[in-house]
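So you can see what is in the structure, the chains are spelled out below.
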Amino acid sequence: STAMAKKITLVSGIRSSGELLLGNYLGALKQFVELQESYDCYIFLADLHAITTPYAPKEFPEQVRAVARTYLACGLDPSRVTLFRQSDVSAHVELSWLLNTIATMGELNRMTQFKEKSEDQKRESVNAGLFDYPVLMAADILLYQPDVVPVGEDQKQHVELTRDLAGRFNQRFGKTFAIPKPLIRDEGARIKALDDPAKKMSKSAASANSYIAIGDDSDAIRNKISRAVTDSGSEITSGTDKPALTNLLTIFSQLEEVPLKEIEQRYAGKSYKEFKDDLADMIIAALKPIQQTLAELEAKPDYVDDVLAKGAAKARPVAEQTLVAAKRA
Ligand code: AMP
Ligand code: TRP
């Protein structure tokens, strides 16, 4: 019967530390919340990956919890999803060592994310964890024998490497791993900086006017949207010659969950001000329930630790089973 059918298994890691932005919400969190309905989800906070780039040791644990709280506040349901901290399940690191012995320097050297993240540093001082990052990611994935791995376009190469390593391992040592497919999230959902539509909305921007954080209050949101750059002309339309309006229309359409064209029609002949006022209201309304839940979660500091402890307890036996099979093989 269908009730007995095995659900599709999904694994994904969240590297972000600290405050999440509207871009993260539309590009990642919202999708996870939709996917949890029909998939068997393992979603973890990739804290071991996060420490391959600079971080503040004292603040770091709380930042990881803050990301977990944000996911919960956005609707991730811990009774459906196995939500855990990567470093709580030691099988990730153990399997990554086994995979290290079949991964090659050549293939890791070809990873564009490594090239990008290490390009400003002296080759000799780049930490080895940054180089080895994709092998840990392969272990993260393969432990749960998933069917799919939802990632942004920038992580596709890492999932391809994961598939190569799984195939190589299976061939040399006998079938041990399922070979998962990347589930590439719609690039239409790539939200741009409010002050420069050529860049993505990112925390690393010079000005806070460039992004909307999930925790921003109404005044901040109204202010940032009213200052957001627009394109030449006065029509509210999307297109390659209108990157700023396309971005604002995308945010609107994603939040309201209606096609972008419908929003364009609604604002035909209307002013930028009317459009921006409504957009700000839309963002405020979308973030309000999330912010309320976040405040409730912050008032119960043990709750998130409890969720993560239960998540790790659920993840461990699943991961362990694959690790034991890999060691045996
Ligand atoms: P990051 O914090 O940059 O590692 O991003 C965490 C997740 O949010 C990734 O899956 C990204 O694809 C997604 N994300 C980050 N920034 C944006 C953005 N501006 N638009 C859409 N998705 C984003
Ligand atoms: N590297 C991913 C990112 O930067 C995070 C991540 C770590 C991940 N392990 C993973 C994503 C496993 C998917 C599956 O966003």
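Residues numbered from 1 in each chain as written. Chains lettered and ligands numbered in written order. Predicted model: local features only at pLDDT ≥ 70, side-chain atom pairs only at ≥ 80, totals over all residues. Heavy atoms only, no water.

A. Spatial organisation of the overall build of the protein. Broken down by element type, the protein carries 13 helices and 7 strands. Taking 2.2 N^0.38 as the reference for a compact globule, 329 residues should give roughly 20 Å; the C-alpha atoms of the protein span a radius of gyration of 21 Å, in line with that estimate. A principal-axis box enclosing the C-alpha atoms of the protein has dimensions of 70 × 45 × 45 Å. Per-residue burial for the protein yields a buried fraction of 47% across its 329 residues. The contacts of the protein with a sequence gap of at least 6 include a subset with a gap of at least 24, amounting to 74%. Element-wise, carbon and sulfur atoms account for 52% of the exposed surface of the protein, whose accessible area totals about 16000 Å². (Helix = DSSP H or I, 4+ residues; strand = E, 2+ residues; numbered from the N terminus. Rg over C-alpha atoms; globule rule 2.2 N^0.38 Å. Buried < 20%, exposed > 50% of the residue type's maximum accessible area, 1.4 Å probe, protein only. Contact = heavy atoms within 4.5 Å. Areas by Shrake-Rupley, 256 points an atom, 1.4 Å probe, with all protein chains shown as cover.)

B. Quick peek at the site of ligand 1. Neighbouring ligand 1 are 12 residues, the closest being Arg15, Ser16, Asn24, Arg185 and Ile191. Residue Asn24 places a side-chain N or O atom 2.9 Å away from an oxygen atom belonging to ligand 1. At a separation of 2.7 Å, a nitrogen atom of ligand 1 approaches a polar backbone atom of Ile191. Coverage of ligand 1 by the protein chains reaches 81% of its 480 Å² of free accessible surface. The leading source of residues in the shell around ligand 1 is helix H1 (residues 22-35), at 4 residues. Grouping the constituent residues of the shell around ligand 1 by class yields 4 nonpolar, 4 polar and 4 charged. (Near = heavy atom within 4 Å. Polar contact = N/O pair within 3.5 Å; in protein donor to acceptor, adjacent residues only side chain to side chain. Nonpolar A, V, L, I, M, F, W, Y, C, P; charged D, E, K, R; others polar.)

C. Region of interest: the site of ligand 2. Near ligand 2 there are 13 residues, and of these Arg15, His49, Tyr133, Asp140 and Gln155 occur at the shortest range. One of the side-chain N or O atoms of Asp140 is found 2.7 Å from a nitrogen atom in ligand 2. The side chain of Gln155 places a nitrogen or oxygen atom 2.8 Å from a nitrogen atom of ligand 2. The fraction of the free accessible surface of ligand 2 (360 Å²) that becomes covered by protein chains is 92%. Elements with a contribution of two residues or more to the shell around ligand 2: strand S1 (8-14), helix H7 (128-142) and strand S4 (148-151). Of the residues forming the shell around ligand 2, the biggest block, 4 residues, is contributed by H7. By residue class, the composition of the shell around ligand 2 is 7 nonpolar, 4 polar and 2 charged.

D. Main features of the packing of aromatic side chains. Counted by the stated rule, this structure contains 11 aromatic pairs. Note on Phe32 and Tyr71: the rings are 6.0 Å apart at their centroids and 45° apart in plane angle, and the pair reads as tilted. In this pair, Phe32 sits in helix H1 while Tyr71 sits in helix H3 (residues 60-73), placing the two residues 39 residues apart along the sequence. Each of the two residues, Phe32 as well as Tyr71, counts as buried. Taking the centre distance of 5.0 Å and the plane angle of 55° together, the rings of Tyr55 and Phe60 count as tilted. On the basis of relative accessible area, Tyr55 is assigned to the partly exposed category, the value being 39%. Three or more aromatic residues joined by ring pairs form one cluster here, namely Tyr42, Phe44, Phe84 and Tyr144. If you follow Lys270 out to its NZ or CZ, it ends over the ring of Tyr267, 5.8 Å from the centre. If you follow Lys300 out to its NZ or CZ, it ends over the ring of Tyr303, 4.7 Å from the centre. (Phe/Tyr/Trp six-rings, centres within 6.5 Å; stacked < 30°, edge-to-face > 60°. Lys NZ or Arg CZ within 6 Å of the ring centre and 35° of its normal.)

E. Geometry of the packing of helix H4 (residues 91-100) against helix H13 (residues 301-328). Interhelical geometry of H4 versus H13 gives an angle of 25° and a closest axis separation of 10 Å. When the interaxial angle is binned, H4 and H13 end up roughly parallel. The crossing of H4 and H13 is left-handed. Contact residues: H4 offers Ala91, Glu94, Leu95 and Leu98, while H13 offers Ala319, Glu320, Leu323, Ala326 and Lys327. (Axes fitted to C-alpha atoms, helices over the stretch in contact; angles between N-to-C directions. Parallel < 35°, antiparallel > 145°, perpendicular 65-115°, else oblique. Left-handed = near helix turned anticlockwise from the far one by under 90°.)

F. Fine view of the pairing of strand S7 (residues 196-200). With 2 bridges connecting them, strand S6 (residues 192-193) and S7 associate as antiparallel partners. When the sheet's bridge partners are listed, Lys192 is paired in S7 with Lys200. (Pairing = 2+ DSSP bridges.)

G. Layout of the environment of Val126. Summarising the element assignment, Val126 is placed in the loop between helix H6 (112-118) and H7. Residue classification places Val126 among the buried residues on the basis of a relative accessible area of 14%. A sequence separation of 148 residues divides Val126 from Glu274, and the C-alpha atoms of the two residues are 50 Å apart. With residues up to four places along the chain from it excluded, the contact list for Val126 reads Phe114, Ser118 and Gln121.

H. The environment of Arg69, seen in detail. Its place among the elements puts Arg69 in helix H3. Taking the C-alpha atoms as reference, Arg69 lies 9.8 Å from Asp305; in sequence the two are 236 residues apart. A distance of 2.8 Å separates the side chain of Arg69 from the side chain of Glu62, its partner in a polar contact.

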